[in-house]
Amino acid sequence: MDNRAEVREFLMSRRAKVTPDAAGLTAGSNRRVAGLRRTEVAMLAGVSVEYYAKLERGAIAGASASVLEAVSRALQLDDTERAHLLDLARAADGIPSSGRPRRRAAKAAAPRPSLLWAMSAITDAVAFVRDQHQDMLATNALARAFYSPLIGDGGRTPNLARFQFLDPASREFYPEWDRMAEMCVAIMRSEAGRDPHDKGLQDLVGELSTRSDTFRRLWGAHDVRTHGAGTKHFHHPVVGDVTLAFEELAITAEPGQVLLIYTAEPGSPSAERLRLLASWSADHPVDVSS
């Protein structure tokens, strides 16, 4: 997860996605690739070919904000990709993102009691806290029942990425498995850009790359995304198909951690199934002790 290699591969992968037609250029007849050439990106960004080539070799440290913005426009980066490029530049300059320490402790501290109390007060929705390593650190009662295929019988900290790529049960739990896999890796890519020195994330990427061909392929695509909000489909072993809307909220007291809340549309079949699951969970508590 070397920063220079990450910068190089990210810029090359984005350049390959922009066709000359999309950039308003004439393609010509003697092209070896569908994407833009370095000379074309340099022209669109208003920088010299030599300087852009230096950036694409990974030497992004010291690049000005105006140059990064120009490159972002030339490569037609979306907001998430642009933020990722800026994160890569900050990391190259040795500036931690979002106030996070440059290196984190190997094991996260136990969730604060006040956070657990707040989550327990959320009774009609699935709520859990995850960190930048995709570890599920805390859950409310409904989340423990909902994510029982992931949590299992306790033991090691549940990890969303390991479940996605290493547990066959995830393919039944996530009907849109391919989409969920792409989202998971793209979120991890964004996290890696913010802190390329995060050993915990490095170790997780190494483990999944070794054990999952799909993860390795998706990681090599260099796609990034933010979670934010949206809708997901699940197939729960107890209540069946459920469609939930989610909101991701940053926990400002714990940089890198987020609170995810999944709710069903009021009056929908999914809302009724969540109520059934809540009733079931009262008689079948899930053990999350470690």
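Residues numbered from 1 in each chain as written. Predicted model: local features only at pLDDT ≥ 70, side-chain atom pairs only at ≥ 80, totals over all residues. Heavy atoms only, no water.

Some words on the packing of helix α11 (residues 177–194) against helix α12 (residues 199–211)
Packing of α11 against α12 brings their axes to within 11 Å, and their N-to-C directions diverge by 140°. One finds that α11 runs oblique with respect to α12. Relative to α12, α11 is oriented so that their crossing is left-handed. Each of M188, E191 and A192 in α11 lies in contact with α12, whose residues at this interface are L201, L204, V205 and L208. Per-class residue counts for the contact of α11 with α12 are six nonpolar, no polar and one charged. (Axes fitted to C-alpha atoms, helices over the stretch in contact; angles between N-to-C directions. Helix = DSSP H or I, 4+ residues; strand = E, 2+ residues; numbered from the N terminus. Parallel < 35°, antiparallel > 145°, perpendicular 65-115°, else oblique. Left-handed = near helix turned anticlockwise from the far one by under 90°. Contact = heavy atoms within 4.5 Å. Nonpolar A, V, L, I, M, F, W, Y, C, P; charged D, E, K, R; others polar.)

Details of the sheet that holds strand β3 (residues 229–236)
One open sheet accounts for five strands, arranged β2-β1-β5-β4-β3; its pairing is antiparallel. Both outer strands of the open sheet, β2 (136–139) and β3, are each paired with one neighbouring strand and no more. This sheet shows a mean twist of 30° between the axes of neighbouring strands, independent of strand direction. Pairing geometry for strand β4 (residues 240–250) and strand β5 (residues 258–263), over six bridges, is antiparallel. By the bridge assignment for β5, F246 is matched with Y262. Where α11 meets the sheet, it contacts β1 (126–130) and β3, and its direction lies at approximately 130° from that of β3. (Pairing = 2+ DSSP bridges.)

Let's talk about the packing of α11 against helix α13 (residues 213–221)
In contact at an axis separation of 9 Å, α11 and α13 are set at 55° when each is read in the N-to-C sense. In terms of orientation, α11 and α13 fall into the oblique class. Regarding α11 and α13, the two cross each other, and that crossing is right-handed. Contacts between α11 and α13 involve W177, A181, E182, V185, M188, R189 and A192 from the first element and T214, F215, L218 and W219 from the second. Its residues assigned to classes, the contact of α11 with α13 comprises eight nonpolar, one polar and two charged.

Remarks on the environment of L166
For L166, the position within the fold is in helix α9 (residues 160–166). Judged by its relative accessible area of 25%, L166 falls in the partly exposed class. A C-alpha to C-alpha distance of 21 Å links L166 and A145, two positions 21 residues apart in sequence. Discounting residues that sit within four places of it in the chain, L166 has contacts with E207, L208, R211 and S212. (Buried < 20%, exposed > 50% of the residue type's maximum accessible area, 1.4 Å probe, protein only.)

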